[in-house]
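What follows is each chain in one-letter form.
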Amino acid sequence: MHGAFTDASSWAAVISLLHAAGSTVRAPANPLRGLTQDAAYIKSVVHDIDVPVVLVGHGYGGAVITHAATDADNVVALCYVAAFGLDAGECVLDITSRFPPMPVADATFTTDLPAQLPGGPDSEFCISEERFPQVYAADLPPHVKNVMSVAQRPIAQSALTSRSGPPAWASKPSWYAIATADRMLNPTAQRFMAQRMAATEYLLDGSHAVVLSQPDAVVTMIRDAAGRGNGRGDELRHPF
């Protein structure tokens, strides 16, 4: 499950490696409209899968899988990649405000939606095109991060203040890849959340875009979770 400012294509390298290993993968789009709505959508996707599932979330996508998987009996493990593993009643901004600010704090801006939908958000966050390469994807080739900066998917402002329900990680085994050079989500915050959920930790020397810069390491973690979550990793699906 991708996070804010990107889309499911950010998992392309990871998906290719999982396919090569014989794993079945689903990579649904994260609507980025609000935690309740986004989690309900992912929960409906998981509900239609009739085999054990490892849910994988990156960035804000971690908050979504945390909220979506609580009552999903077929989810056998959770994987977080530089992601928000919220506790009950928490929101994304609760975590970011608890730790020293990161460079992304002064690189984002709010914009009004060009068209208003009934009940929809009225504004969303973007990262400035000039700052995106440095704060989101510093360890990617220039042509890749420049494309990502102009193709970014903004996130509804309300998604960052939506409160999470009971966390799925309280009842399901979890793995966490900490991106130690992340300029979006403080690595200290990542470690805090990983330790709070008693996750198996992987330390990756990468930016927030570690799913693209170090896909092999991310796949190693996912396959570890798949194998230990069910004992038959080749039959697991991995919706991102």
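Heads up: the structure comes first, above all this text.
Throughout this document, residue positions are counted from 1 along each chain, in the order its sequence is written. Reporting of local features is limited, given that this is a predicted model, to residues whose pLDDT is at least 70; pairs of side-chain atoms are given and counted only at 80 or more, and all residues count toward the totals for whole chains, interfaces and linings. Side-chain measures here rest on the full set of heavy atoms in the structure, leaving out hydrogens and waters.

**Examining the pairing of strand E4 (residues 123-127)**
Here's step 1: Across the five residues of E4, five count as buried, placing the element largely inside the fold.
Here's step 2: Each residue's exposure class comes from its accessible area (1.4 Å probe, protein chains only) as a fraction of the maximum for that residue type: buried when under 20%, exposed when over 50%, partly exposed otherwise. Working definition: helices are DSSP H or I runs of at least four residues, strands are E runs of at least two. Numbering for both runs from the N terminus. Every second residue of E4 is oriented toward a common face, with Ser 123, Phe 125 and Ile 127 on one face and Glu 124 and Cys 126 on the other, all of them buried.
Here's step 3: Any two strands are treated as partners once DSSP identifies two or more bridges connecting them. With five bridges connecting them, strand E3 (residues 108-112) and E4 associate as antiparallel partners. Looking at the pairing, Thr 111 lines up with Glu 124 of E4.
Here's step 4: Strand direction decides the pairing type here: E4 and strand E5 (residues 155-156), joined by two bridges, are antiparallel. Paired with Glu 124 across the bridge in E5 is Ala 156.

**Side note on the sheet that holds strand E1 (residues 53-58)**
Backbone hydrogen bonds hold the strands of a sheet together, and the pairing may be parallel or antiparallel.
Here's step 1: One open sheet accounts for four strands, arranged E1-E2-E6-E7; its pairing is parallel. Two strands bound the open sheet, and with one partner strand each, they are E1 and strand E7 (200-204). Mean inter-strand twist for the sheet, computed between neighbouring axes without regard to direction, equals 15°.
Here's step 2: What makes two residues a contact is simply this: any of their non-hydrogen atoms within 4.5 Å. Note on method: axes are straight lines fitted to C-alpha atoms, helices fitted across the in-contact stretch only, with angles between N-to-C directions ranging 0 to 180 degrees. Strand contacts of helix H3 (residues 60-68): E1 and strand E2 (75-81), with the helix running at about 145° to E1, the strand carrying the most contacts.
Here's step 3: Its contacts with the sheet put helix H7 (residues 187-196) on strand E6 (174-179) and E7, and the angle it makes with E6 is roughly 170°.

**A look at the packing of aromatic side chains**
Here's step 1: Each pair of aromatic rings taken from Phe, Tyr and Trp, with Trp reduced to its six-membered ring, is defined by centres within 6.5 Å and is described as stacked if the planes are under 30 degrees apart, edge-to-face if over 60, and tilted in the remaining cases. Applying the stated criterion across every chain yields a total of three aromatic pairs.
Here's step 2: Pairing Phe 99 with Phe 192 gives two aromatic rings, centres 5.7 Å apart and planes at 50°, and the pair type is tilted. Taken together, the residues Phe 99 in the loop between helix H4 (92-98) and E3 and Phe 192 in helix H7 connect sequence positions 93 residues apart.
Here's step 3: Relative to Tyr 136, the ring of Phe 132 lies with its centre 4.8 Å away and its plane at 15°, an arrangement referred to as stacked. Within this pair, Phe 132 and its partner Tyr 136 are both found in helix H5 (residues 132-136), separated by four residues, close to a single helical turn.
Here's step 4: The class of Tyr 136 is buried, set by a relative accessible area of 2%.

**Notes on unusual backbone geometry**
Here's step 1: Phi at Ala 82 takes a positive value of approximately 45°, unusual for a residue other than glycine.
Here's step 2: Residue placement: Ala 82 occurs in the loop between E2 and H4.
Here's step 3: Classification of Ala 82 by relative accessible area gives buried; the value is 0%.
Here's step 4: One non-glycine residue, Ala 198, adopts positive backbone phi at about 55°.
Here's step 5: Positionally, Ala 198 belongs in the loop between H7 and E7.
Here's step 6: The exposed category is assigned to Ala 198, whose relative accessible area is 68%.

**Describing the side chain of Ser 123**
Here's step 1: By the element assignment, Ser 123 lies in strand E4.
Here's step 2: A relative accessible area of 7% means that Ser 123 is categorised as buried.
Here's step 3: Engagement of the side chain of Ser 123 in a polar contact is seen with the side chain of Gln 157, the distance being 2.6 Å. We call two N or O atoms a polar contact when they sit within 3.5 Å, provided that within protein one can donate a hydrogen and the other can accept it, with sequence-adjacent residues counted only if both atoms are side-chain atoms.

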